[in-house]
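# Remarks on the overall topology
So you can see what is in the structure, the chains are spelled out below.
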Amino acid sequence: MKLRGLYAITDSQLLEGRLLPYVEAALKGGAKLLQYRDKSTDEARRLREAEVLRELCNRYGAALIINDDAELAARLGVGLHLGQSDGSLSVARALLGRQAIIGGTCHAQLELAEAAAKEGASYVAFGRFFNSNTKPGAPSADVALLDASKGRINLPIVAIGGVTLDNAPALIAHGASMVAVIHGLFAADSAADVERRAHAFSALFNPG
Ligand SMILES: Cc1ncc(COP(=O)(O)OP(=O)(O)O)c(N)n1
Ligand SMILES: Cc1nc(C(=O)O)sc1CCOP(=O)(O)O
Ligand SMILES: [Mg+2]
């Protein structure tokens with residue numbers, strides 16, 4: 001799958017009681033990747049929800065990515081996103097196989113992105129680019145980092161952190177292949193609004 005477009009990420013608090021309709025709306029709106037990001041320790045619920053999300057993603061031609069949990073990703077045969085303290089990308093690659101989509105958080109450091117590429121990552125994520133409701137304390141990044149990545153990082157670059165419909169065009173113009181979004185997509189009053197936002201994000205990647 002070409003890693004370009006909207007990367008939707010779930011948030012358990014924000015989507016409580018509306019996970020499935022809001023995710024389906026994001027997928028209808030063209031999200032290419034969906035990350036299941038759930039920080040709870042309720043293994044049974046996590047497995048149940050992730051299975052349903054995998055089915056939804058299959059229906060809409062998107063790929064499911066599990067945050068943090070390589071075992072769950074392996075069990076479901078889906079992708080994985082790892083942060084700097086979530087375990088080794090190369091071990092995850094060995095576990096999940098060559099075809100799996102595996103991403104790594106690289107904050108604002110090209111060196112981390114180069115290391116992630118060597119370890120077999122499918123994409124690297126830089127951020128946070130803007131003020132984030134979800135993760136206000138994440139290290140900050142700016143678009144100069146995207147410029148500096150050109151010719152140095154030969155993987156799709158995901159931009160994350162406070163991304164909205166207003167600020168996403170600058171990230172894409174500076175070379176982001178995907179924008180990863182929680183609040184700017186899912187902090188909406190209705191599933192119809194999520195779908196409208198997802199369409200609008202997706203359209204930024206296919207101008208004209
Ligand atoms: C696409 C994407 N980029 C960055 C992150 C952040 O990962 P991490 O630093 O491990 O923080 P948590 O999300 O686990 O709190 C991400 N999840 N997805
Ligand atoms: C999960 C996460 N990781 C970040 C990083 O910079 O690595 S920023 C972030 C939160 C993204 O949510 P929102 O779109 O609501 O800002
Ligand atoms: Mg993590």
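The structure displayed is predicted, hence computed values, not measured ones.

### A word on the site of ligand 1
The immediate surroundings of ligand 1 are formed by 15 residues, with Arg37, Lys39, Asp86, Thr105 and Lys135 found nearest. In the environment of ligand 1, an oxygen atom lies 2.6 Å from a nitrogen or oxygen atom belonging to the side chain of lysine 39. At a separation of 3.5 Å, a nitrogen atom of ligand 1 approaches a polar side-chain atom of histidine 81. Expressed as a share of its isolated accessible area of 420 Å², the protein-covered part of ligand 1 is 90%. Taken together, the elements giving at least two residues each to the shell around ligand 1 come down to β1 (5–9) and β7 (157–160).

### Description of the site of ligand 2
Near ligand 2 lie 14 residues; those nearest to it are Ser132, Thr134, Gly162, Ile182 and His183. Taking arginine 128, its main chain carries an N or O atom lying 3.1 Å from an oxygen atom of ligand 2. Of the residues that constitute the shell around ligand 2, the class distribution is four nonpolar, seven polar and three charged.

### Focus: the UniProt feature "domain: Thiamine phosphate synthase/TenI" (unreviewed entry) in the protein
Listed under "domain: Thiamine phosphate synthase/TenI" (unreviewed entry) in the UniProt record, and renumbered for this structure, are residues 6–184. For residues 6–184, the end-to-end C-alpha separation is 11 Å, with 37% helix and 19% strand making up the annotated structure.

### Considerations on the coordination of the magnesium ion (ligand 3)
Ligation of the magnesium ion (ligand 3) by protein atoms is provided by Asp68 (OD) and Asp86 (OD), these donors lying 2.1 Å from the ion. Of this pair, aspartate 68 sits in the loop between β3 (63–67) and α3 (70–76) while aspartate 86 sits in the loop between β4 (79–82) and α4 (89–96), and the two are 18 residues apart along the sequence. A relative accessible area of 25% means that aspartate 68 is categorised as partly exposed.

### Some thoughts on the side chain of arginine 37
With respect to the element layout, arginine 37 can be found in the loop between β2 (33–36) and α2 (43–60). Buried and unpaired, arginine 37 has no salt bridge, with aspartate 11 as the nearest side chain of opposite charge at 4.1 Å. With residues near it in sequence (within four places) discarded, arginine 37 still touches Ile9, Thr10, Asp11, Ser12, Asn67, Thr134, Lys135 and Ile182.

### Concerning the packing of aromatic side chains
Two aromatic rings, taken as a pair, are described by how far apart their centres are and by the angle between their planes. In total, this model carries one aromatic pair according to the counting rule given. Relative to tyrosine 123, the ring of tyrosine 7 has its centre 5.7 Å away and its plane inclined at 90°; by these criteria the two rings are edge-to-face. Here tyrosine 7, found in strand β1, pairs with tyrosine 123, found in strand β6 (residues 123–127); they are 116 residues apart in sequence, far enough to count as distant. Each member of the pair, tyrosine 7 as well as tyrosine 123, is classed as buried.

### Examining the pairing of β3
Within β3, five of the five residues are buried, which leaves the element mostly enclosed by the surrounding structure. Residue alternation in β3 divides its side chains into two sets, Ala63, Ile65 and Asn67 and Leu64 and Ile66, and both sets are buried. In this sheet, β3 lies alongside β2 in parallel orientation, the contact comprising four bridges. Note on β3: the bridge partner recorded for leucine 33 is alanine 63. Across three bridges, the pairing between β3 and β4 is parallel. Looking at β4, one finds that isoleucine 66 is bridged to leucine 80. Taking the sense of rotation as the criterion, the β-α-β connection linking β3, α3 and β4 turns out right-handed.

About the thresholds
- Residues numbered from 1 in each chain as written.
- Chains lettered and ligands numbered in written order.
- Predicted model: local features only at pLDDT ≥ 70, side-chain atom pairs only at ≥ 80, totals over all residues.
- Heavy atoms only, no water.
- Near = heavy atom within 4 Å.
- Polar contact = N/O pair within 3.5 Å; in protein donor to acceptor, adjacent residues only side chain to side chain.
- Areas by Shrake-Rupley, 256 points an atom, 1.4 Å probe, with all protein chains shown as cover.
- Helix = DSSP H or I, 4+ residues; strand = E, 2+ residues; numbered from the N terminus.
- Nonpolar A, V, L, I, M, F, W, Y, C, P; charged D, E, K, R; others polar.
- UniProt positions renumbered as here; feature names shortened; annotations may be inferred.
- Donors = N, O, S within 2.8 Å, 3.2 Å for Na, K, Ca; no water.
- Buried < 20%, exposed > 50% of the residue type's maximum accessible area, 1.4 Å probe, protein only.
- Lys, Arg positive; Asp, Glu negative; His and termini not counted.
- Salt bridge = Lys/Arg side-chain N within 4 Å of Asp/Glu carboxyl O.
- Contact = heavy atoms within 4.5 Å.
- Phe/Tyr/Trp six-rings, centres within 6.5 Å; stacked < 30°, edge-to-face > 60°.
- Pairing = 2+ DSSP bridges.
- Right-handed = clockwise from strand over helix to strand, strands pointing away.

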